[in-house]
Each structure stands twice: as C-alpha cells, then as structure tokens.
Amino acid sequence: MKHLEILNRKGAIKAELIPEAVVSLLNQGLIESVNLVEWSAVNHRELVRSTFPQLGLEAIIPDIIAVIDGLAKPSTMKSVAAIGEFLYQHAFENQILDQLYTALCAHSSDSIRCYACYIIALQKDLSIQHRLEEARFLIADPHFGVREIIWMALRPELVKQLDEVLLYLLGWTGDSDERIRRFITEVTRPKGVWTSTIVALKNHPEQALPILEVLRADPSLYVQNSVANWLNDASKSQPEFVRNLCARWSQESHVPATQYIVKRALRTLDK
C-alpha cells in the first residue's frame, strides 16, 4: 500500500481484512489505528519489542512479555491495563514517573498513549484532582481508544472520592472541548460498559444532577449521546428518577439537543 493510502484508510471491518502493511506499521508503533477492529488487532508483544528500546525500556521487555503471557484470558483491554500497571510500578520504583509519562503521552502510537493512562491514574501520592488535571492531555486525545482507556483507568480512583470528584467535574462542564465535557459523563456512568458499576450512582443518580443539568442542552452530539447513555444506565435501576427528569427537561428545554437526549435516555424504558 502507498503512504497516502495507509494514512487515509477507513479501516477494515474484520481483523483478517487488515492489510499486512498496516498491521506491520501498527505493531511498530508508527501509525495509529483508525477503528476498533484495528485497535483490537494490535499485537502488544510486537509493539513492546518495537518501541520500548527507543523509550529506554529495553531491559524490561522480557518482563512485559511475561506479564502479557500470564494473562488468563488475553484481550486488548487486559493487555493495555497489565502493561500500563507494570510500567507505573517500574517508573515509581525508578523515580521516572514524570519522564515516562511525558514520553508515552507524546508517542505517535495510540496504543502506547493508552499505557500512559495508567501511569497517571495509579499515582496515589497525587490528589485525584491533580491526577485529573494531569490527565487532561489524554482525556482530550484525538484518538478514541486513548479517550476510552483514560476514563476506565481513572474511574476506580474517582469512585473512592465521588462527592469531591462530582463537584470538581462540575467545573469542567463549561470547557470548550467537547472531549473534556464528554469525559464527565463517561467516567461517572452508573453502570458503564467495560467497567464496574458505581453503586452510589446506581442507587442515587440524583447525586450527579448538577452535572446533568448543565449538559442537558450541550451543542455537541458527542456529548449528547454520552448524557443520554448515562441516563439510560440509570433507568435500569431508578426508572422513575429518569422518567421524571426527562419529563421535566422536555417541558423546560425545547431545544433539539435536549429533546434528542431525552429520547435516547428513555430508549430502554420505552421498549
């Protein structure tokens, strides 16, 4: 494949249809994946072997490979988390957290930047607010995979200080970047997709009302879908809360954004 063809590709719909040239470049960390199929097809053993020497991490490559091989049910999600957690421990023990975090965040490979999510999320000597600020670069990353991994990496830590986090994230609802605003509702979704339930919000979704109220008419479809998904999650445990809230929003806010959110939020209840 020619260079421009590779850069402008739409991405295969099945892993076996990904061109060999694309697979090779992905595994060398030279290009980003363009869809979930490619992202899931990255061979993290090969990626580590190809990129870690340039990152000054050649000595730990055998240890990383052993970590991947030791996973009970290997998957992209589990591999990324396991590698990220190992890198955090290595950086902590060698006092290179800042240097390694900066290097990973700046890498051309989206998969490598995914590892960085755990470097910041696991720094328990930093307040959760400090970690959120340090993670903004990844939260607003142009790549969908990095944006998903960072909220999943931070979520277990945020849950431990939920009240403080909800108040802090309220200050982000006016951010000009739709990716930052979307993060607010993704990281606090009561049920979540690939992560554990936030029991407090499952039982008492009204705790997040200040955030939801601000975002109920957000101009970005990207954010609207996330708000609707948040409420759809909540509807499975607290249906009356969601019905009442959506009824009120429908009456108070006649803008298309709110009406769209309400319709999607009620999709499970209206079946």
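Here the structure is shown first, and the text comes after it.
Predicted model, so just to flag it, every value in this text is computed and none were measured. (Residues numbered from 1 in each chain as written. Predicted model: local features only at pLDDT ≥ 70, side-chain atom pairs only at ≥ 80, totals over all residues. Heavy atoms only, no water.)

K.L.:
Any details on the pattern of salt bridges? Residues and values, ideally.
P.N.:
Where charged atoms of side chains with opposite charge meet at close range, the side chains can pair. Scanning the model with the defined rule gives 19 salt bridges in all. Linking R131 and E157 is a salt bridge whose minimum nitrogen-to-oxygen distance equals 3.5 Å. Of this pair, R131 sits in helix α9 (residues 128-134) while E157 sits in helix α11 (residues 144-159), and the two are 26 residues apart along the sequence. Taking relative accessible area as the criterion, R131 reaches 3% and is therefore assigned buried. In this structure, R216 engages E213 in a salt bridge whose closest nitrogen and oxygen atoms are separated by 3.6 Å. Note on R216: relative accessible area 17%, which makes it buried. Taken together, the salt bridges that share partners define one network made up of E148, R182, E186, R189 and D233. (Salt bridge = Lys/Arg side-chain N within 4 Å of Asp/Glu carboxyl O. Helix = DSSP H or I, 4+ residues; strand = E, 2+ residues; numbered from the N terminus. Buried < 20%, exposed > 50% of the residue type's maximum accessible area, 1.4 Å probe, protein only.)

K.L.:
Tell me about the nonpolar core, and name the residues and values.
P.N.:
Side chains of nonpolar character tend, in soluble globular proteins, to be buried together. Counting residues in hydrophobic clusters, the biggest one holds 84 residues, and the most contacted among them are F52, L87, Y115, L169, F183 and L231. With nine residues, the single largest contributor to this core is helix α8 (residues 110-121). If we ignore the near neighbours within four places in the chain, the residues touching L169 are L132, F183, I184, V187, T188 and I211. (Core = buried A, V, L, I, M, F, W, Y, C linked by side-chain atoms within 4.5 Å. Contact = heavy atoms within 4.5 Å.)

K.L.:
Hey, could you go over unusual backbone geometry for me, with residue numbers and the actual values?
P.N.:
A positive phi is found at Q95, a non-glycine position, where the angle reads about 55°. With respect to the secondary-structure elements, Q95 resides in the loop between α6 (76-93) and α7 (97-105).

K.L.:
If you had to explain the side chain of S79 to someone new, which residues and values would you point to?
P.N.:
Its location among the elements puts S79 in helix α6. On the basis of relative accessibility, which here comes to 6%, the residue S79 falls in the buried class. Apart from residues no more than four positions distant in its own chain, S79 is found in contact with H44, I68 and L71.

K.L.:
Quick rundown of the packing of helix α4 (residues 44-51) against helix α5 (residues 61-69)? Include the residues and the values.
P.N.:
Where α4 contacts α5, the two axes come as close as 10 Å, and the packing angle between them is 170°. Classified by the angle their axes make, α4 and α5 are roughly antiparallel. Facing H44, R45, V48 and R49 of α4, the residues of α5 in contact are I61, I64, I65, I68 and D69. Among the residues making up the contact of α4 with α5, the classes are represented as five nonpolar, one polar and three charged. (Axes fitted to C-alpha atoms, helices over the stretch in contact; angles between N-to-C directions. Parallel < 35°, antiparallel > 145°, perpendicular 65-115°, else oblique. Nonpolar A, V, L, I, M, F, W, Y, C, P; charged D, E, K, R; others polar.)

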